[in-house]
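Here are the chains, one letter per residue:
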Amino acid sequence: MKKSLILLLLVSLSSAAKDSGNGTVSVIGQIQESACNIHLDDVFQALNFDNVEVNHIVTDNDEQVKDFAIRLVNCSIERNKGAVWESVHISFDGMPDQQNTDLFSMTGEGSGIAVQIKDTNGQLITPGNRVNVAKVENGATTLAFKIKLVSNGEQLLIGSTSSTIKFTIEYQ
């Protein structure tokens, strides 16, 4: 109900402001079939590594590993027209590191580190590559991963860094 009231308010404001200019609102969407929904708490995640010591990066210390998960809920193997969903695939998209394209780059004041993502079996997940991570099952499924800060071979410089990595889930 609030969305309707806000929309009506915006429409009435724009109609009251005559000769203020013109604009266009485009509404685009897609109806698609999906085996599961992504749990709302897992759509946007932030992993904070706080202060990372240089020697932990140099020695490839596992203290800089964080677990993260993407929970799939309301899953059903049944598809329309009698077929079934079989597998879950994921790809992580972000800027590949310039020194090692199997890693995700980080930007900011600091340098010399990159982001590495692995599944629970230790399989490296590289930028833009789709991997099979689970079988579709009725109910819920958790996709678990490990993310680690690693050296990319450049000189380590102290400073803040960050990376944005998007994920796409596909079902087959």
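For the structure, see preceding data.
Rules and cut-offs
- Residues numbered from 1 in each chain as written.
- Predicted model: local features only at pLDDT ≥ 70, side-chain atom pairs only at ≥ 80, totals over all residues.
- Heavy atoms only, no water.
- Disulfide = S-S within 2.5 Å.
- Helix = DSSP H or I, 4+ residues; strand = E, 2+ residues; numbered from the N terminus.
- Pairing = 2+ DSSP bridges.
- Buried < 20%, exposed > 50% of the residue type's maximum accessible area, 1.4 Å probe, protein only.
- Contact = heavy atoms within 4.5 Å.

Colleague: Quick rundown of the state of the cysteines? Include the residues and the values.
Modeller: Per the counting criterion, the structure on display carries one disulfide. Two residues share a disulfide in this structure: Cys36 and Cys75, whose sulfurs sit 2.1 Å from each other. As the torsion about the S-S bond is roughly 120°, the Cys36-Cys75 disulfide counts as right-handed. In this pair, Cys36 is assigned in the loop between α1 (2–16) and β1 (37–38) and Cys75 in strand β2 (residues 65–75), connecting sequence segments 39 residues apart.

Colleague: Quick one: what's the story with the sheet that holds β2, residue by residue and with numbers?
Modeller: Taken in spatial order, the five strands line up as β1-β2-β8-β5-β6 in an open sheet, and their pairing is antiparallel. Each of the sheet's edge strands pairs with one partner strand only, and the pair in question is β1 and β6 (124–125). Summarising the sheet, strand β5 (residues 113–119) and β6 pair through two bridges and their orientation is antiparallel. The partner of Lys118 across the bridge, within β6, is Leu124.

Colleague: If you had to explain the side chain of Gln116 to someone new, which residues and values would you point to?
Modeller: By the secondary structure assignment, Gln116 is in strand β5. Judged by relative accessible area, Gln116 falls into the buried class, the value being 17%. Discounting residues that sit within four places of it in the chain, Gln116 has contacts with Leu103, Leu124, Lys146, Ile147, Lys148 and Val150.

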